[in-house]
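Read off the chains here:
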Amino acid sequence: MQDCDKSKIFDDYKLLNLMVNDASKAKGVHRPGPYWLTRTKCALKDIKKFGLQDFRGMKSVTGTSFSDNFYVDIRGSYNFGLRSAITNLFRYVYPFDKFFDAQVRLTASYFDLANLYKNQYLYNNQRVKYLLSKYDINFETTRGGCLSFLEKDSVKIAHHYLQLLDTLDHIDNKVSLAGKKTCFEIGGGFGVNTHLLVEIFKIKKIIYLDIVPNLYVGTQYLKSFYGEKVIDYRRIQNRDVIKFAKNNDLEIFCIAPHQIDKIESEVDFFHNAHSFVEMPEEVIINYVKIVESKLAKNNSAISIVSYGDPDLNTTIHPEKLPDFFTKTAEKFNVPTLTPEKMNFHYIIQ
C-alpha cells in the first residue's frame, strides 16, 4: 500500500500497464477520438521515460493538453513511430542537436520572462484579488514540478489552480456547489477540479473519469494527497458496481470510459470542462445519456464549460453542446483570467 506523501507522486507502472491493456480492448465510444489519439501515445511514452515527479515541468509531454506543463522542446511530441527516427536526428546527431538545444534554451528563457509578466498581471488583477480573499488556498497546488505560480504569504499558488477556481466560482454562483454532496466529472485532467472540490467546496463523493493514460496521471496525483481514499482502476477493475458508501468519508473513484455503465450512485453535480468539444459526437451522445440517467431527481445540476476560441478543424463548436441534452441549458459567456479570452458556460438544472 502506498501512503499519502506530502511531496512525492508515486509511479505505479503495474497500474499503468493494467489500464493500458484494458483500454486497448475497449471498443467504439469508449476509445479516444482522433483529437486525443496521438496525444495519448506521446504521453504514455514519456510517463514511462520520466515518471510523474515533474510532469508539470518542461522535460516531458506527459501533461500536454490537459495540465499546465510548459514543454518547450517540440521533439518530444514526436516520440513514437517513424517520426521518432527524424526526432532522434535533431536530438542526438551533431550538429542538428546543438542547433535545436540552443533553441530550447532560448525558448525556456522566454517562458521565464513571460512568467514574470504574468505574475505581475495576476497580482494586480481584481478578479484574482477577489478569489484569494474569498477562498483560502492553504493546500499545496504546485506538486508535480509546476513552474507557473504566484506566491501569496509565502504560499505558492499554481496559475492553473487559479484559473480553474475562477471557473468553479462562476459555476458556484449558479448552482451552489457547497450544497452538493456527490460529483461526477468526465475529462478530469490531472485532478485539479477534484482537488478544489474537496478542499474548497467540501464535496466528499466524487467520480472522476478520463481516458488512459490521463486517468493514470490524475489518479497518482490525487493519491499523493488523499492516499487510499482514491479508489484506483486496480481496485475496481472487476467490480460489477461502482457505488458510493453510505457515509461521510471521502471517496474518489477514478474510472476509465468503459467502466461508466457500472455507476449506480446518483450524482448531484456533473461537470465537464473543455473535453466534450474534443470528442466525436457519438461519444458525447453516449456520455450524456448515461449522465442524465444518474442525476439525482432533486437539487442536481449539470455544468458544461468550453473555451471560447475552438479550432473547428479538430473540435465541434461549443454552441452545439446544449443540443445533446434533453433539458434546456442556461448559457453565459465568462471572461477568464487570460486577457481577451472567454469561456462558454452552460448550466442545466
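Residues numbered from 1 in each chain as written. Predicted model: local features only at pLDDT ≥ 70, side-chain atom pairs only at ≥ 80, totals over all residues. Heavy atoms only, no water.

> Please set out the pairing of strand β4 (residues 205-209) residue by residue, giving values where relevant.
Buried residues dominate β4, accounting for five of its five residues. Neither face of β4 is left uncovered, since the one carrying K205, I207 and L209 and the one carrying I206 and Y208 both have all their residues buried. The sheet contact formed by strand β3 (residues 182-186) and β4 spans five bridges and is parallel. Of the residues in β4, the one forming a bridge with T182 is K205. Where the polypeptide runs from β3 across helix α7 (residues 192-199) and back to β4, its parallel neighbour, the crossover connection is right-handed. (Buried < 20%, exposed > 50% of the residue type's maximum accessible area, 1.4 Å probe, protein only. Helix = DSSP H or I, 4+ residues; strand = E, 2+ residues; numbered from the N terminus. Pairing = 2+ DSSP bridges. Right-handed = clockwise from strand over helix to strand, strands pointing away.)

> Go over the packing of helix α5 (residues 126-134) against helix α6 (residues 159-175), please, and point to the residues and values.
Relative orientation of the contacting elements α5 and α6 amounts to 75°, with a least axis distance of 11 Å. Between α5 and α6, the angle is such that the two are roughly perpendicular. The residues of α6 that touch α5, namely those facing R127, V128, Y130, L131, L132 and K134, are L162, L165, D166, D169, H170, D172 and N173. For the contact of α5 with α6, the residue count by class is six nonpolar, two polar and five charged. (Axes fitted to C-alpha atoms, helices over the stretch in contact; angles between N-to-C directions. Parallel < 35°, antiparallel > 145°, perpendicular 65-115°, else oblique. Contact = heavy atoms within 4.5 Å. Nonpolar A, V, L, I, M, F, W, Y, C, P; charged D, E, K, R; others polar.)

> An account of the packing of aromatic side chains is requested, with residue identities and associated values reported.
For any pair of aromatic rings, the description consists of the separation of the ring centres together with the inter-plane angle of the planes. Enumeration according to the criterion identifies 13 aromatic pairs in this entry. With 5.0 Å between their ring centres and 80° between their planes, F190 and Y221 make a pair best called edge-to-face. Here F190, found in the loop between β3 and α7, pairs with Y221, found in helix α8 (residues 214-226); they are 31 residues apart in sequence, far enough to count as distant. Pair check on accessibility: F190 and Y221 agree, each one buried. What links up through ring pairs into an aromatic cluster is the set F55, F190, Y221, F225 and Y226. Sitting over the ring of F225, R143 keeps its end group 4.0 Å from the ring centre. (Phe/Tyr/Trp six-rings, centres within 6.5 Å; stacked < 30°, edge-to-face > 60°. Lys NZ or Arg CZ within 6 Å of the ring centre and 35° of its normal.)

> If you had to explain the side chain of S303 to someone new, which residues and values would you point to?
In this fold, S303 is placed in strand β8 (residues 301-307). Taking relative accessible area as the criterion, S303 reaches 1% and is therefore assigned buried. Among the polar contacts made by the side chain of S303, one reaches the side chain of H271 at a distance of 3.2 Å. Not counting the four nearest positions on each side in its chain, S303 is found in contact with I171, F269, F270, H271, N272, Y346 and I347. (Polar contact = N/O pair within 3.5 Å; in protein donor to acceptor, adjacent residues only side chain to side chain.)

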